[in-house]
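The lines below spell out each chain.
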Amino acid sequence: MPGKKVCIVGSGNWGSAIAKIIGHNVKASNRFDPMVNMWVYEEMIDGKKLTEIINTEHENVKYLPGHKLPKNVVAVPDIIEAVKGAKILVFVIPHQFIGKLCDQMKPHIAEEAIGISLIKGIDEGPEGLTLISDIIREKLQIEVSVLMGANIASEVADEKFCETTIGARNEANGHIFKELMQTPNFRIAVVRESDTVELCGALKNIVAVGAGFCDGSVSSTTFLESCGVADLITTCYGGRNRKVAEAFVRTSKSIAELEAEMLNGQKLQGPQTSAEVYKILKKRDMVNKFPLFAAVYQICFEGRQVKEFITCLQNHPEHF
Ligand SMILES: NC(=O)C1=CN([C@@H]2O[C@H](COP(=O)(O)OP(=O)(O)OC[C@H]3O[C@@H](n4cnc5c(N)ncnc54)[C@H](O)[C@@H]3O)[C@@H](O)[C@H]2O)C=CC1
Ligand SMILES: O=C(CO)COP(=O)(O)O
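Being a predicted model, the structure only gives us computed values, none of them experimental.

Cut-off values and rules
Residues numbered from 1 in each chain as written. Chains lettered and ligands numbered in written order. Predicted model: local features only at pLDDT ≥ 70, side-chain atom pairs only at ≥ 80, totals over all residues. Heavy atoms only, no water. Helix = DSSP H or I, 4+ residues; strand = E, 2+ residues; numbered from the N terminus. Contact = heavy atoms within 4.5 Å. Axes fitted to C-alpha atoms, helices over the stretch in contact; angles between N-to-C directions. Parallel < 35°, antiparallel > 145°, perpendicular 65-115°, else oblique. Left-handed = near helix turned anticlockwise from the far one by under 90°. Phe/Tyr/Trp six-rings, centres within 6.5 Å; stacked < 30°, edge-to-face > 60°. Buried < 20%, exposed > 50% of the residue type's maximum accessible area, 1.4 Å probe, protein only. Core = buried A, V, L, I, M, F, W, Y, C linked by side-chain atoms within 4.5 Å. Domains from an automatic or database assignment. Buried area = accessible area lost by both parts, 1.4 Å probe. Salt bridge = Lys/Arg side-chain N within 4 Å of Asp/Glu carboxyl O. Polar contact = N/O pair within 3.5 Å; in protein donor to acceptor, adjacent residues only side chain to side chain. Pairing = 2+ DSSP bridges. Near = heavy atom within 4 Å. Areas by Shrake-Rupley, 256 points an atom, 1.4 Å probe, with all protein chains shown as cover. Nonpolar A, V, L, I, M, F, W, Y, C, P; charged D, E, K, R; others polar.

Within the secondary structure, E276 sits in helix α12 (residues 270–283). Discounting chain neighbours no more than four positions away, the residues touching E276 are H95, I122 and D123.

Structure below.
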């Protein structure tokens, strides 16, 4: 039986780091087709198409400079072309773009395709919070797992040791994804609580902006996986959300200005996730119960002073 074709949907900082791993791993396993498609949001770099640069120099010079991608990873600018025949879809784009992209992909998804989302974010739905994996499930009608962990893309690409967590409602699929992405320095644990894993990944981005902490009411052991406390610590020390938030205080520029200046096209997920969560909290009259998340949102978008950050926490309802 021919191996399953893999398509990586996305090619940013994390997308390119994971492409490096997947490109190597598919060659070592009969389960997968040795050629991997990577969908690239096309842009021009010094007069050349990014896809052409990737396919000739085998490097994503904009989003993961300094790392060669395996030659069997093929950059494809057309999403329909990229997903054609793919049985395994790895979603790794900034969360704000997922809905539109799924709509474009929908008529072209192979039967029996399965997906995994590496995207850290949430969306606001009519009933409250919508997971990014739910958007993919609902729009594409496929089974979706998630992968989230204490993983900084450039460190993973440098083959520094770290762990990560796959949340898979279908455990067998979880193990297929583990075979696709595990390496000696990127160790994967598979757990069944997919939603908890995904929420950890999304919400830590808000906490990273404020470098605080969160709690919840689900199985606390999941927080001890890489997607939980470990990712909080990692992101608060080394992530982009944290770096831009620090510059926000030092320079008094807006988050949007700093994102454009500091990240060369990479996208912050924390401020926007704080806005999505804030809207949901407001709708449910729960803003007072989440003073840290509310404060991060208000500082990012409503001109609230950073020096009021502590005051927000001093006034947590638990303390009265
Ligand atoms: N970078 C990291 O260290 C890690 C990132 N993640 C998560 O992975 C997800 C993807 O992040 P990265 O790969 O780092 O991306 P990135 O932050 O490098 O984002 C830029 C990517 O978005 C694409 N893009 C720009 N406009 C677009 C549009 N209109 N439609 C579709 N794509 C567009 C760009 O071409 C580029 O590929 C995020 O949810 C992030 O939180 C998770 C773990 C680690
Ligand atoms: O998700 C990440 C670390 O696990 C990356 O965080 P940043 O997006 O803040 O760089």
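Here we come to the packing of α12 against helix α13 (residues 291–301). Packing of α12 against α13 leaves a shortest axis separation of 9 Å and a crossing angle of 120 degrees. Relative to α13, the element α12 lies oblique. In this structure, α12 meets α13 at a crossing whose hand is left-handed. Contact residues: P271, Q272, S274, A275, V277 and Y278 in α12; F293, A294, V296, Y297, Q298, C300 and F301 in α13.

Here the focus is the packing of aromatic side chains. How two aromatic rings sit relative to each other is given by the distance of their centres and the angle of their planes. This structure, assessed with the given rule, holds five aromatic pairs. Aromatic pair W39 and Y41: ring centres 6.3 Å apart, planes at 70 degrees, arrangement edge-to-face. Residue classification places Y41 among the exposed positions, given a relative accessible area of 62%. On the basis of an interplanar angle of 40 degrees and a centroid distance of 5.6 Å, the ring pair of Y297 and F301 is categorised as tilted. One end of the pair, Y297, and the other, F301, are both in helix α13, four residues apart, so they sit about a helical turn from each other.

Residues W14, I18, I22, L180 and M181 are the most contacted members of the largest nonpolar core, which totals 42 residues. In terms of nonpolar packing, the next biggest core, distinct from the first, is built from 26 residues, L203, A275, V287 and I299 among them.

Right, let's talk about the domain arrangement of the protein chain for a bit. Partitioning the protein chain into structural domains gives domain 1 (2–202) and domain 2 (238–317). One C-alpha centre belongs to domain 1, the other to domain 2, and the line joining them spans 27 Å. Of the roughly 1,400 Å² buried between domain 1 and domain 2 on both sides combined, carbon and sulfur atoms contribute 52%. There are two salt bridges connecting domain 1 and domain 2. For E124, the salt bridge is made with K283, and the minimal N-O distance between the two is 3.1 Å. Here domain 1 and domain 2 share five residue pairs in polar contact (both at pLDDT 80 or more) between them. Going through the elements one at a time, β8 (122–125) and β9 (128–131) are the ones with two or more residues in the side of domain 1 that touches domain 2. Looking at the side of domain 1 that touches domain 2, the element that brings in the most residues is β8, giving four residues.

The next point concerns the pairing of β8. Where β8 lies against β9, four bridges are found, and the strand directions are antiparallel. Residue pairing for β9: G125 is matched across the bridge by G128. Once β8 ends, the chain turns through two residues before running back antiparallel as β9.

For the rest of this paragraph, the subject is the site of ligand 1. Among the 25 residues in the neighbourhood of ligand 1, the closest are listed as N13, K120, A153, K267 and Q269. Contact distances for ligand 1 include 3.5 Å between an oxygen atom and a backbone N or O atom of L118. Between ligand 1 and A153 there is a distance of 2.8 Å, counted from an oxygen atom to a backbone nitrogen or oxygen. Within the complex, the protein chains bury 90% of what would otherwise be the 850 Å² of accessible surface of ligand 1. The element best represented in the shell around ligand 1 is helix α1 (residues 13–27), accounting for three residues. In the shell around ligand 1, the residues fall into 12 nonpolar, nine polar and four charged. Taken domain by domain, the shell around ligand 1 gets at least three of its residues from each of domain 1 (2–202) and domain 2 (238–317).

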